[in-house]
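# Architecture at a glance
Listed below, chain by chain, are the residues.
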Amino acid sequence: MKKILSVLLLASFFLCPLFSAQFETIEDLNGHDIGVQTAVLYEELIQDRVPDTTFQYYTMPNDMILALTSGKVDAYLIEEVSYGVQKKNHPELTVLEEPAGYINATCIIGNNERQDRLLSELNAFIKESHENGLLAELYDYWITDFDPINDTCDVTGFTGENGVISVAVEGGYEPFSFISNGHISGFDADFICRFARAYGYTPEFYEVPFEAIAPGVESGRYDIGMNIVVSEERNETGTLSDVYYTTPIRLVVLGDDESGLTFFEQLGDSFYKTFIRESRWQLFVQGALVTVIINVTSIIAGTILGFLVYMLCRKGNPVANRVTNFFLWLIHGMPTVLLLMILYYIVFGATRISGMWVSVVGFSLMFACSMIDMLRVGCNAIGKGQFEASTALGYSEHQSFFKIILPQAAQHFLPIYRNEVVTLIKETSVVGYIAVLDLTKISDLVRSRTYEAFFPLIVTAIMYFVITAIFTRVVTRIEKAINPRLRKKEKILAGIKEEE
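Residues numbered from 1 in each chain as written. Predicted model: local features only at pLDDT ≥ 70, side-chain atom pairs only at ≥ 80, totals over all residues. Heavy atoms only, no water.

All right, on to helix α12 (residues 336-347) then. For α12, the complete set of buried residues consists of T336, L339, L340, L343, Y344 and Y345. Tucked into the core, α12 has its buried residues touching β10 (202-207), α7 (210-218), α11 (318-332), α13 (355-380) and α15 (397-427). (Buried < 20%, exposed > 50% of the residue type's maximum accessible area, 1.4 Å probe, protein only. Helix = DSSP H or I, 4+ residues; strand = E, 2+ residues; numbered from the N terminus. Contact = heavy atoms within 4.5 Å.)

Below, the structure is given as structure tokens:
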């Protein structure tokens, strides 16, 4: 019973606002905390009017809703068009009457051989779409009359004679780009699909965090990045298209809850939107499968690579040891996200290798480094006398290592190995930064649709616990299988005939 009450209290923290403060003007927010999405630059619109305000930065818009309802911020900045969608899901939200300002959104064009051509074609399409009313039509469909359940984007009919264009979208930002029924949808996706059909391209969409769109495009990894806010600095460093939409920026604060739903009704509605609607439970299964593939492949590849490198270094080759120590220092000292982004945007930036396999490369390198350290510790714990004794008994150097030294060393490093596996599983949760739809990224995308945090986060945590438990169990079984102290007497004496 206590556990049930604890879960309900936790749910109430996520689902119910703690308090409601009254603000009427922008100046009233001076000295308070205001949330803003990373890299959108909306805070620049009001900085001079609220000089004592602290801005808190969030990766996704729905994270700001949770921050507001839990009292971590007193308001947040969002486009008026997105606020309309949020209001439908959270009736307790309201906005200040005065807009914070207005922004113009453009596309950023990739720094590659197709940049000039794409810029020219995209600007021509934007101009034509303004003139023939297409952009107004898209605005009405996706923004003015947006229906998050029934509105769909046509992602077919591409001729592709001019090749494939890679398009970076946020993927979790209604009504601009979001996942609906397993496919990309929204204003930005529809706009690019129509552009691709008009100019003979086939679009390939990548869902990446907003702050990673511009760096990915500027590195040439993507051909087009969507929904970039115009600024003087960005005009100097990036290649931007003409403006394809303009919208006011609003300050969202807490108002009165007009939904009329009880706590348990809110809980049931949240469960339905998270798992049942559009069969979103399947997205969690797909995300978990990607997470498992990345971890299994990285652990196996990292173990093999680490073992091979150790074998090259264990006899004291000075060149091999210096090179290995340098890479150990480099990879161990680098944050995981930074390593992945360097591999994705720089090392493999000019290739079409998917983010999932780039992440496998990155985590394999990390696990290999850990494997080398584990082997060094485990083998150094075995006295040299055992190696000398085995060679004296006629064993070759190769046989001595594999039959005498390594089995004993494994008993020392396998507990550490098990912990490294658990650590790797947790670290793979950042692969969403390089457009991988793993379990954590799927949770973010679902939260961006439902604007609910409780069920997506709790279920994602449970799934990680299950994955970790399975991997830990496998390593523990291996550890027991090779431990001679845990072997049964019958196995030890197998093949030995008793004296008659």
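Additional details are given in the paragraphs that follow.
With antiparallel pairing, three strands are arranged side by side in an open sheet as β7-β8-β9. The strands lining the two open edges of the sheet, one partner per strand, are β7 (172-173) and β9 (183-185). When strand β8 (residues 177-180) meets β9, the two strands line up antiparallel, connected through three bridges. From the neighbouring strand, I179 faces β9, where its bridge partner is I184. (Pairing = 2+ DSSP bridges.)

Here the focus is the side chain of R280. With respect to the helices and strands, the residue R280 is situated in the loop between α9 (263-276) and α10 (281-313). The exposure class of R280 is buried, given its relative accessible area of 3%. In contact with R280, not counting residues within four places along its chain, are K273, T274, F275, V446, R449 and T450.

Here strand β5 (residues 101-109) lies mainly inside the structure; seven of its nine residues are buried. Across five bridges, the pairing between β5 and strand β12 (residues 245-254) is antiparallel. Pairing of A105 across the sheet is with Y245, part of β12. Direction of pairing for β5 relative to strand β11 (residues 224-229): antiparallel, over a ladder of four bridges. What sits directly across from I109, in β11, is I224.

Further remarks concern the pattern of salt bridges. On inspection of all chains with the given rule, the structure shows ten salt bridges. Between R49 and E27 there is a salt bridge, and its shortest N-O distance comes to 2.8 Å. Of the two residues, R49 is situated in the loop between β1 (33-37) and β2 (54-58) and E27 in the loop between α1 (2-15) and β1; the sequence distance between them amounts to 22 residues. Three or more residues are tied together by salt bridges with common partners; here these are E27, R49 and E98. (Salt bridge = Lys/Arg side-chain N within 4 Å of Asp/Glu carboxyl O.)

The buried fraction of strand β6 (residues 164-169) amounts to five of the six residues, a majority that puts the element mostly inside the structure. The sheet contact formed by β6 and β10 spans six bridges and is parallel. Looking across to β10, one finds that V164 is bridged to T202.

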